[in-house]
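Spelled out from the first residue to the last, the chains are:
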Amino acid sequence: MKNNSLMFLARRVLRINHSSPTSNWRRYWSTPSTSSPSTNSKLFVAGLSWSVDEKSLKDAFSSFGDVTEVRIMYDKETGRSRGFGFVSFSKEDDASSAKDSMDGKAFLGRPLRISFALEKVRGAPVVVPRITSIEDAAARKN
DNA sequence: GTTGAGCGTT
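Given the structure is predicted, the values throughout are model-derived calculations rather than measurements. (Residues numbered from 1 in each chain as written. Chains lettered and ligands numbered in written order. Predicted model: local features only at pLDDT ≥ 70, side-chain atom pairs only at ≥ 80, totals over all residues. Heavy atoms only, no water.)

Points about the protein's contact with DNA strand B
At step 1: Taken together, the neighbourhood of DNA strand B is formed by 25 residues, with L48, R71, K76, R82 and S115 sitting nearest.
At step 2: Looking at DNA strand B alone, sugar and phosphate atoms form 23% of those within 4 Å of the protein.
At step 3: Between DNA strand B and W50 there is a distance of 3.3 Å, counted from a base nitrogen to a side-chain nitrogen or oxygen.
At step 4: Take R82: an N or O atom from its main chain is 2.9 Å from a base nitrogen of DNA strand B.
At step 5: When contributions to the surface near DNA strand B are tallied by element, the ones reaching two or more residues are β1 (42-46), β2 (67-74), β3 (81-89) and β6 (113-116).
At step 6: The residue inventory of the surface near DNA strand B, partitioned by class, reads 11 nonpolar, four polar and 10 charged. (Near = heavy atom within 4 Å. Polar contact = N/O pair within 3.5 Å; in protein donor to acceptor, adjacent residues only side chain to side chain. Helix = DSSP H or I, 4+ residues; strand = E, 2+ residues; numbered from the N terminus. Nonpolar A, V, L, I, M, F, W, Y, C, P; charged D, E, K, R; others polar.)

Set out below in structure tokens:
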């Protein structure tokens, strides 16, 4: 029937426009560049009170291990904290234990939200996966 | 004197 062939074509179009590019976009957002988030020794710390500075943040995390870097993002104009920052440990083990025990815990009146940081490096080339057309992949198979 | 999810260089 005519409708059957139309549906067949429609399904193929949907597969081409949806399935493959979707997985490419997922990979773009979930794979920053280098290491996987689970092996990251840098923590993303949000939920900070606006009165928290880098010193008090480092003091709070130093009990879990060697803190190599503490960075809080400040507003460019007002100079006040933006409420989140990054804490690096020399050992991933310490970062992991610090995250486990500090995540959700209140710090200066606000509950902390901690997760492993994405490896964002200024000047690093952005890895954009090539959008491989499904026709090429299918043609290569044959 | 304020606001409240988030992934970056003030």
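Some points on the pairing of β2
At step 1: By the bridge criterion, six bridges tie β2 to β3 in an arrangement that is antiparallel. The residue of β3 that forms the bridge with R71 is F86.
At step 2: The hairpin turn running from β2 into β3, its antiparallel successor, is six residues long, and G79 in that turn takes a positive phi close to 75 degrees. (Pairing = 2+ DSSP bridges.)

Side note on the pattern of salt bridges
At step 1: For the coordinates displayed, the defined rule picks out four salt bridges.
At step 2: Residues K91 and D66 are paired through a salt bridge, measuring 3.8 Å at the closest nitrogen-oxygen approach. Within this pair, whereas K91 is found in the loop between β3 and α3 (92-102), its partner D66 is found in the loop between α2 (54-61) and β2, the two being separated by 25 residues in sequence.
At step 3: According to the relative accessible area criterion, K91 is partly exposed, its value standing at 41%.
At step 4: Note that R71 is salt-bridged to E69, the shortest N-O span being 3.6 Å.
At step 5: For R71, a relative accessible area of 45% corresponds to the partly exposed category.
At step 6: Using a relative accessible area of 32% as the deciding quantity, one classes E69 as partly exposed. (Salt bridge = Lys/Arg side-chain N within 4 Å of Asp/Glu carboxyl O. Buried < 20%, exposed > 50% of the residue type's maximum accessible area, 1.4 Å probe, protein only.)

Observations regarding the packing of aromatic side chains
At step 1: Going through the model one piece at a time under the given rule, you end up with four aromatic pairs.
At step 2: For the ring pair F84 and F86, a centre distance of 6.3 Å and an interplane angle of 80 degrees mean the geometry is edge-to-face.
At step 3: Aromatic rings pair up to connect F44, F84 and F86 into one cluster. (Phe/Tyr/Trp six-rings, centres within 6.5 Å; stacked < 30°, edge-to-face > 60°.)

Re the nonpolar core
At step 1: Formed by 19 residues in total, the largest nonpolar core has its most connected members in L43, L57 and F61.
At step 2: Apart from residues no more than four positions distant in its own chain, L43 is found in contact with F61, G85, F86, V87, F89, A95, A98, K99, I114, S115, F116 and A117. (Core = buried A, V, L, I, M, F, W, Y, C linked by side-chain atoms within 4.5 Å. Contact = heavy atoms within 4.5 Å.)

Some words on the sheet that holds β1
At step 1: With respect to topology, four strands assemble into an open sheet ordered β2-β3-β1-β6, the strand pairing being antiparallel. Each end of this open sheet is capped by a strand with a single partner; those strands are β2 and β6. Ignoring which end each strand starts from, the neighbouring axes of this sheet average 20 degrees apart.
At step 2: Strands in contact with α2 are β1, β2, β3 and β6; relative to β2, the strand with the most contacts, it is inclined by about 140 degrees.
At step 3: Sheet strands touched by α3: β1, β3 and β6. Its angle to β6, the strand with the most contacts, is close to 155 degrees. (Axes fitted to C-alpha atoms, helices over the stretch in contact; angles between N-to-C directions.)

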